[in-house]
Amino acid sequence: EAVAAEWMLEFACSCLCRHFAEQSGVEFWRWRDVAQALINGLSQIPPHQKKTVYICQLLIRIAQGKSLELLFENDRRVSPLESALSFWTLLEREEIKLEKLHEDIRRLIQIQIVAVHVENRYFKEAAEVLERLFTDSESDKPLRVKLATIIKTKDPYVPLLQSFSYSLLISKIKSYIELFMKENETNFLIQEATRHVISKGSRATTLQNRRVEVNENDRNDLETKQGFVLSIILLRDVLGQRHSGQKHRKSRALQRLDNMKNVGRNEVSLTCSRRRQLWTHKEDLELKLGVREFGVGNWAKILVHGNFNNRTSVMLKDRWRTLSKIK
């Protein structure tokens, strides 16, 4: 189980990087949940996977860096970007190259931590962050003075902040993860999933210690690979039941596997073909429970975890709109 979890974490990190680079929001959040669940399941981080974990945590925080209400640390003063900076520091320790890119990203994160507070008119908090982030060293002093002046003037539209914008930070992070993905494009689980798809289910041969190149055509098998990984996660729930209510939980987990098949497909056509299917009271209750647990808008997640009768996330969104009007 530990070995399989390591493979799945590498695969989830690869998916996170790709969807971050492609700005694919829904898929990014989907794989964020998978990666976070796998990371939370680690009793300790294996040394060879430290970089993988740090990158996952960095991307999750950068993607939500402007949402100051979100908490990733026990200290409520620490914003998502400040939490991201701590993981960037850990990543820097894992590498001895890319010094220029490292420094550029570090400075951009530091500047944007202050900038996001100023944009939200949290000037006192911005000043406190500035004290935490910058030392009294001569190298830090010029930037520290400039940011302190911006906080005093309470102007988020000064040239400095426009030159070191959030979009530039995202661009630099993309450059970094592109390099990471090139170094890790022979991810073991991707190799094995690709072999399995190509062989069409033939018996696996003894694993070889040679590299397996994955070309562009293999990207067409992505949905199969994703389903393979997520099915393992959910089947673990099915096979691991040892308490009362075993049969009921098995059927729910299997239903979640069926629901997952609808996620990521052409949901417009699916919605049209099933539009006349009436909603049951039980499905309405499942939808309400899902919204309560995951929040409005997380339809794909609610679909996967709920017990719905052949629905899609688009159907869930439309039904919620209808229920809201009735209420």
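Residues numbered from 1 in each chain as written. Predicted model: local features only at pLDDT ≥ 70, side-chain atom pairs only at ≥ 80, totals over all residues. Heavy atoms only, no water.

A. Representation of the pattern of salt bridges within the structure. This model, assessed by the stated rule, comprises 15 salt bridges. One salt bridge connects K301 with D33, and the closest N-O pair in it is separated by 2.8 Å. A residue pair is termed long-range when its members are at least 10 positions apart, and K301 in helix α15 (residues 299-305) and D33 in helix α2 (residues 25-40) qualify at 268 residues. Here R311 makes a salt bridge to E283, at a shortest N to O gap of 3.0 Å. A residue pair is termed long-range when its members are at least 10 positions apart, and R311 in the loop between α15 and α16 (313-326) and E283 in helix α14 (residues 281-294) qualify at 28 residues. Residue classification places R311 among the buried positions, given a relative accessible area of 1%. (Salt bridge = Lys/Arg side-chain N within 4 Å of Asp/Glu carboxyl O. Helix = DSSP H or I, 4+ residues; strand = E, 2+ residues; numbered from the N terminus. Buried < 20%, exposed > 50% of the residue type's maximum accessible area, 1.4 Å probe, protein only.)

B. The arrangement of the packing of α14 against α16 in detail. α16 packs onto α14 with a crossing angle of 95° between their chain directions and a minimal axis gap of 11 Å. Taken together, α14 and α16 sit at an angle that is classed as roughly perpendicular. Only L316, R319, W320 and L323 of α16 make contact with α14, whose side of the interface consists of D284, L287, K288 and V291. Split into classes, the residues belonging to the contact of α14 with α16 amount to five nonpolar, no polar and three charged. (Axes fitted to C-alpha atoms, helices over the stretch in contact; angles between N-to-C directions. Parallel < 35°, antiparallel > 145°, perpendicular 65-115°, else oblique. Contact = heavy atoms within 4.5 Å. Nonpolar A, V, L, I, M, F, W, Y, C, P; charged D, E, K, R; others polar.)

C. Region of the structure containing α14. Taking 1.5 Å as the rise per residue, α14 with 14 residues should run 20 Å; its terminal C-alpha atoms sit 20 Å apart, in good agreement. Those residues of α14 not exposed but buried are E283, D284, E286, L287, G290, V291 and F294. With its buried residues spanning 160° around the axis, α14 presents them on a single face. Among the exposed residues of α14, those oriented more than 90 degrees off its buried face are H281, K282, R292 and E293. Positive backbone phi, at 95°, marks G295, one or two positions downstream of α14. (Expected span 1.5 Å × (residues − 1). Arc of directions from axis to C-beta.)

D. Molecular detail of the nonpolar core. Residues L59, I62, V114, L147 and L169 are the most contacted members of the largest nonpolar core, which totals 60 residues. Looking at which element gives the most residues to this core, the answer is helix α5 (residues 99-119), with 10 residues. W299, I302, M315 and L323 belong to the second largest nonpolar core, which has 11 residues in total. (Core = buried A, V, L, I, M, F, W, Y, C linked by side-chain atoms within 4.5 Å.)

Read these as geometric descriptors, not functional statements.
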